[in-house]
There are 2 protein chains.
Amino acid sequence: MPAGTQDRYTIGLDFGTLSARAVVVRVGDGTVVAEAVHDFAHGVMDRTLDAGDGHTLPPDFALEVPADYIEAIERSVHDAMQASGVDPEAVIGLGVDATSSTVVVTDAQGTPLCERPEFANNPHAYIKLWKHHGGQSQAERIVELARQREESWLGRYGGTLSSEMLLPKILETFEEAPEVYAATEEVLDVLDWLTWKLTGRLTYAAGDSGYKRMYQDGSYPSRDFLEALAPGFGGVFEEKMSHEVLPLGARVGGLDAEFARAFGLPEGIAVASGNIDAHVHAASVDAVRPGQLTGILGTSVCWVLPSARYHDVPGTFGVVDGGIADGSWGFECGQSAVGDCFAWFIENCVPASYIAEAEERGLTVFGLLAEKAAQQEIGEHGLVALDWWNGNRSILVDGNLTGLMVGQTLATTPEDQYRAIQEACCFGARVIIENFEEHGVPVDEIRVAGGLLKDSFLMQMYADITRRPLSTATVVQAGAQGSAIFAAVAAGAYPDLPSAAASMGGVVENAYVPREEASRQYDRLYEQYRHLYELFGREDPTMHALKEIRRDAMARRALRPGAR
Amino acid sequence: MPAGTQDRYTIGLDFGTLSARAVVVRVGDGTVVAEAVHDFAHGVMDRTLDAGDGHTLPPDFALEVPADYIEAIERSVHDAMQASGVDPEAVIGLGVDATSSTVVVTDAQGTPLCERPEFANNPHAYIKLWKHHGGQSQAERIVELARQREESWLGRYGGTLSSEMLLPKILETFEEAPEVYAATEEVLDVLDWLTWKLTGRLTYAAGDSGYKRMYQDGSYPSRDFLEALAPGFGGVFEEKMSHEVLPLGARVGGLDAEFARAFGLPEGIAVASGNIDAHVHAASVDAVRPGQLTGILGTSVCWVLPSARYHDVPGTFGVVDGGIADGSWGFECGQSAVGDCFAWFIENCVPASYIAEAEERGLTVFGLLAEKAAQQEIGEHGLVALDWWNGNRSILVDGNLTGLMVGQTLATTPEDQYRAIQEACCFGARVIIENFEEHGVPVDEIRVAGGLLKDSFLMQMYADITRRPLSTATVVQAGAQGSAIFAAVAAGAYPDLPSAAASMGGVVENAYVPREEASRQYDRLYEQYRHLYELFGREDPTMHALKEIRRDAMARRALRPGAR
């Protein structure tokens, strides 16, 4: 333990979709001594502009109110400090992570445009949340043009772009609300806006800049490209995003006096450069060295992997130099729906008799299904599924793919189908891992964090199917703790991220170990999965045809008398 | 109406798996004036030999007690006559249908061997019900040898044989209970045993003989073949099944005096040759002429179609000269699980909230799902399923095929999946119809009977998807009524089956008419279904591989400590 860190603390701030969480963490060993959560006052505005005149929003909109973030940061840090009993003078730094591609537009002083009376009712002047999909057509045009022009950066994003990226969102503003665009002096992902507010210094975080703002190898998409995309848009990066990009763990500046007062913390303590909420888990599970794969297992799953060398890995969702930890290439892959698939199943596919049994026996429905599934031999259900209920992010990068299940008989039970979906999610992870290794990026070990860790049956399944041990996070608040680790680096308590993560982060080593016999049996199912994966993912047109049929049906529905 | 039939009546007797139903029908117009149902006292013995010493049966056994049939026939006919108020002297005939491949072994007088004290505890001396699967390995050997020897009759059964056929059942007896086989003087399907008992004359029914006893073009599988199958078995047909095969609608004889007394009916009235319970519906819906396809829509679905000419139609389940109506070729196709699929879904896949909503609104769960599904545009669910939850009987003849669903998203609802399964069953029917037509057997119209008729949403779907009008049965007891029609022919009230069916049977003509716009939209889904049908039915090995994985898993389970 570095000298003098025993009794020092940092604050980790984790901004989710609906709330902010603050934790107070001991710098010496990473212990989370207190936490506090504060909800955003307006939540997500996806139907009406409640913070403005309440008018109805288009269907794909998802907006938030910047002031809610400021209120949440003040309240949660204040409350966590109160709960901790820690001497404020012992706090040496603060780190922030947030949902990424959550975009805010401001004037030169950092005041969000929605706070100006003339824009109070303009949706484009509010925060566009990560899941705002209003820029779908813009995203498609960006991809089309980039393919035509063979823009080299497109490969870094798996050959396509989600409408959730920053560029489609700001192009949407340029085209749909030119008056807001004209008044915009700074375009920021919210995590950079927060560190700007906290310190008075505007910089960009390296990881987020690479993954979400398309900053690659020191530059952005060219003026030439942007102008071809939309005349007049060519200067968006130069004019509205031209500040310094800081490496992860860098100190943006000292804590602003006003915030210091509100928090009850000393002015001038280190504020670390921001981070993407999923990626920051890598620090918490001490997996910031090349070859250490972190799985953030929740509603969706994010896999991040530092690598000493760059390789072309087809189907990777994003590759950024210094994107996970400074000094290595950060590879990101994703599975668009994992916990979401399980929740869908519980909501839509579990019969009343099971609900009654779970209630009677004091189990959750998840627990009951896991218990029943655990009594089976592997493969006894005779099923295999493709886990594409929300498309396939990696390694096929195709949002139009859908779910599939095969093998049902009149004897097929709910636990059979549930287990098959769980297996499919684990098989999907194995494809990602094998894809890394086949393309020269080694995966030496797997460390996992996230809400799904409480399902020990699923965790054992991950180990058996990937044929690798799983080391598990030791804290529930791994995200916020990760930000506190970056804060400790920025405060100089550790010389670098790896040493900070080693001291403050950690895992239960090899909490789940693959069982050879089980692995061998899962291999047979995986062979079927892999076959269907290639078949429906790359060759067979059925899933796309069904999406098209569905789109046409929805268009007919919209034309019905009385339809909205 | 033929002279003198206005006030005459016939009795139709319909033997199901668990009970016998008798109806009294007016010969002039087919009106069902009364009915009575009587359950079999012992039901199905599939766990223990309750009628004997109660010993535990092997898992694939399904036995019944012959005396239960006699009791049920006496009680149901007696009760139906009582309820009808019809003058017994006005009753001119009686017809019987029963489950087919339900096999009984007797002495030369027709006394079942299980009634002899020495065989009272021998399972093979009881009735082997249609779903008795104890002869599975025998069925496989029969098929294997027939393929090797290129036996021509195999093609009449789609190139394979179910273990439910008569031959595997009696070969099982020959091998497993040689003492029973040796004492057996007559091997009969139960419907022939019943007409024998009722008249004292032993004959065989043409339809059943062709479809289930492998009587084709005037002969059975050869002695040579049978001897190669099992030495000593070569004479089974010559020695134990060597009576006359009567055409459908023929008079077996006059009603026996003792039965006449028990029924309260005149001695000597006509008893018609028996019939298969599904096929007899064709008479009830007046569909006994070439080109009239009858669908018997229930837990499984049976399609029967008379044709003026024989054609090789690959994937047909059975083709018999005079099998549906005398004078034409009777083609039979089947879908192994239709109503069963819907019931499986209701049992296993409907969430508690739907059950509660159905209860609250006084609907059945079937009704609620249909109502929700009916609000959708066709194709809106984005799904397509393969309806093979119990294998595919026609046109792939592969019991190892299984279900499939593709297109699920996080927005997929229970009604979406339910509707996709219903559509798949209708698509499966369309494949059967197109297959007939492609091979020269015309389908001029569709007439349907059975329990699924009460689902009008499904019936409209059948019409839209097949692009043909659907005419529907007018009586619920279409099976028993059909037997009463054959009785009228045997009694000479009509010169032939077509004229009897025309007067006594009938349908609501074109009760459901295809809607061009809906058909056009279903066509797009059908194109996807057809593609997956060929892919998984003939090319892709996934379903078979999963069955094999499942078999191995079940074998491991059987080896567990404490397993049965």
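Because the structure is predicted, anything quoted here is derived from the model rather than measured. (Residues numbered from 1 in each chain as written. Chains lettered and ligands numbered in written order. Predicted model: local features only at pLDDT ≥ 70, side-chain atom pairs only at ≥ 80, totals over all residues. Heavy atoms only, no water.)

**Regarding the relation of the copies chain A and chain B**
Of the two same-sequence chains, chain A is brought onto chain B (RMSD 0.2 Å, axial shift 0.2 Å) by a rotation of 179°. With respect to symmetry, the two chain copies, as superposed, fit the operation of a two-fold axis. Of the interface residues in chain A, 98% have counterparts in chain B that sit at the interface too, so the contact is made through matching surfaces. (Least-squares fit on C-alpha atoms with pLDDT ≥ 70 in both. Contact = heavy atoms within 4.5 Å.)

**A short note on the packing of aromatic side chains**
Scanning all chains against the criterion turns up 49 aromatic pairs over all chains. Pairing Tyr529 of chain B with Tyr533 of chain B gives two aromatic rings, centres 5.6 Å apart and planes at 45°, and the pair type is tilted. You can see Tyr529 of chain B and its partner Tyr533 of chain B sitting in helix α18 (residues 516-539), four residues apart, about one turn around the helix. With respect to class, Tyr529 of chain B is no different from Tyr533 of chain B; both count as buried. Joined through ring pairs, the aromatic side chains of Phe342, Trp344, Phe345, Phe366, Trp389 and Tyr418 of chain A make up one cluster. Over the aromatic face of Tyr181 of chain A sits the side chain of Lys240 of chain A, whose NZ or CZ is 4.4 Å from the ring centroid. Above the ring of Tyr310 of chain B, the side-chain terminus of Arg156 of chain B is found at 4.9 Å from the ring centroid. (Phe/Tyr/Trp six-rings, centres within 6.5 Å; stacked < 30°, edge-to-face > 60°. Helix = DSSP H or I, 4+ residues; strand = E, 2+ residues; numbered from the N terminus. Buried < 20%, exposed > 50% of the residue type's maximum accessible area, 1.4 Å probe, protein only. Lys NZ or Arg CZ within 6 Å of the ring centre and 35° of its normal.)

**Brief notes about the state of the cysteines**
Counting across every chain of the model gives zero disulfides over all chains. Of all cysteine sulfurs, the one in Cys349 of chain B lies closest to Cys349 of chain A, which takes part in no disulfide; the gap is 6.5 Å. Cys349 of chain A gets classed as buried once you look at its relative accessible area, which sits at 6%. (Disulfide = S-S within 2.5 Å.)

**Describing the environment of Gly134 of chain A**
Residues and elements named next belong to chain A. Position of Gly134 among the secondary structure elements: in the loop between β7 (127-128) and α2 (136-148). With relative accessibility at 22%, the residue Gly134 sits in the partly exposed group. When the C-alpha positions of Gly134 and Ala120 are compared, they lie 19 Å apart, and in sequence the two are 14 residues distant. Apart from the residues lying within four places of it in its own chain, the contact partners of Gly134 are Asp60, Phe61 and Glu172.

**Section: the packing of helix α14 (residues 414-438) of chain B against α18 of chain B**
All names here are of chain B. Where α14 contacts α18, the axes come no closer than 10 Å and their chain directions differ by 75°. When the interaxial angle is binned, α14 and α18 end up roughly perpendicular. Contacts between α14 and α18 pair Arg419, Glu423, Ala424, Phe427, Gly428, Arg430, Val431 and Glu434 from the former with Tyr522, Asp523, Leu525, Tyr526, Tyr529, Arg530 and Tyr533 from the latter. Among the residues making up the contact of α14 with α18, the classes are represented as eight nonpolar, one polar and six charged. (Axes fitted to C-alpha atoms, helices over the stretch in contact; angles between N-to-C directions. Parallel < 35°, antiparallel > 145°, perpendicular 65-115°, else oblique. Nonpolar A, V, L, I, M, F, W, Y, C, P; charged D, E, K, R; others polar.)

**What about the interface of chain A and chain B?**
Taken together, the contact pairs 60 residues of chain A with 59 residues of chain B. Across the interface of chain A and chain B, roughly 4900 Å² is buried in total on both sides, 55% from carbon and sulfur atoms. Seen at the junction of chain A and chain B, the total is eight salt bridges. Across the salt bridge formed by Arg560 of chain A and Glu377 of chain B, the nearest N and O atoms sit 2.8 Å from each other. Joining chain A to chain B, the criterion identifies 33 residue pairs in polar contact (both at pLDDT 80 or more). In terms of residue class, the side of chain A that touches chain B is made up of 29 nonpolar, 18 polar and 13 charged. Pairing of strand β19 (residues 403-408) of chain A with strand β19 (residues 403-408) of chain B, which is carried by five bridges, proceeds in the antiparallel orientation. (Buried area = accessible area lost by both parts, 1.4 Å probe. Salt bridge = Lys/Arg side-chain N within 4 Å of Asp/Glu carboxyl O. Polar contact = N/O pair within 3.5 Å; in protein donor to acceptor, adjacent residues only side chain to side chain. Pairing = 2+ DSSP bridges.)

**Quick word on the pairing of strand β15 (residues 301-307) of chain A**
All names here are of chain A. Counting buried residues in β15 gives seven out of seven residues, a clear majority hidden from the surface. Here β15 shows no split at all, with Val301, Trp303, Leu305 and Ser307 on one side and Cys302, Val304 and Pro306 on the other all buried. Bridge count for strand β14 (residues 292-297) against β15 is four bridges, and the pairing is antiparallel. Opposite Ile296, over in β15, you have Cys302 as the bridge partner. Taking the residues that link successive antiparallel strands as the turn, the β14-β15 hairpin has three residues. Relative to strand β17 (residues 329-335), β15 runs antiparallel, the two sharing seven bridges. Its bridge partner being in β17, Cys302 is matched across the sheet by Gly334.

**Some details on the sheet that holds β14 of chain A**
Strands pair in a sheet through their backbones, by hydrogen bonds, and they do so in one of two ways: parallel or antiparallel. Residue and element names in this part refer to chain A. Spatial ordering of the open sheet is given by β16-β17-β15-β14-β20-β21-β22, a layout of seven strands whose pairing is mixed. Two strands in the sheet have a free side with no partner beyond their single neighbour: β16 (318-321) and β22 (507-512). Put simply, the sheet's adjacent strands are angled 25° from each other on average, direction ignored. Direction of pairing for strand β21 (residues 470-473) relative to β22: antiparallel, over a ladder of three bridges. Counted as the bridge partner of Thr472 is Val508 from β22. This element, helix α15 (residues 456-466), spans β14, β15, β20 (445-449), β21 and β22 of the sheet and lies at about 75° to β22.

**Quick look at the sheet that holds β19 of chain B**
Reading across the sheet, the four strands line up as β18(A)-β19(A)-β19(B)-β18(B) and stay open at both edges, with antiparallel pairing between neighbours. Whereas interior strands pair on both sides, the edge strands pair on one side only; in this sheet they are β18 (384-386) of chain A together with β18 (384-386) of chain B. Sheet twist, expressed as the mean angle between neighbouring strand axes with direction ignored, is 10°. Bridge analysis of β18 of chain B against β19 of chain B gives three bridges, and the strand direction is antiparallel. Bridge pairing in β19 of chain B places Leu386 of chain B opposite Leu404 of chain B.

**As for the environment of Ile485 of chain B**
All names here are of chain B. Mapping Ile485 onto the fold places it in helix α16 (residues 478-490). Since its relative accessible area comes to 0%, Ile485 is described here as buried. Other than its neighbours up to four places away in sequence, Ile485 contacts Ala283, Ser284, Leu497, Ala500, Ala501, Met504 and Gly505.

**Some words on the environment of Trp153 of chain A**
Residue and element names in this part refer to chain A. Tracing the chain through its elements places Trp153 in the loop between α2 and α3 (166-176). Through-space distance from the C-alpha of Trp153 to that of Met214 is 7.7 Å; in sequence the pair is 61 residues apart. What Trp153 contacts, discounting residues up to four positions off in sequence, is Ile142, Ala146, Leu161, Met214, Pro221 and Phe225. Separated by 3.2 Å, the side chains of Trp153 and Glu151 make a polar contact.

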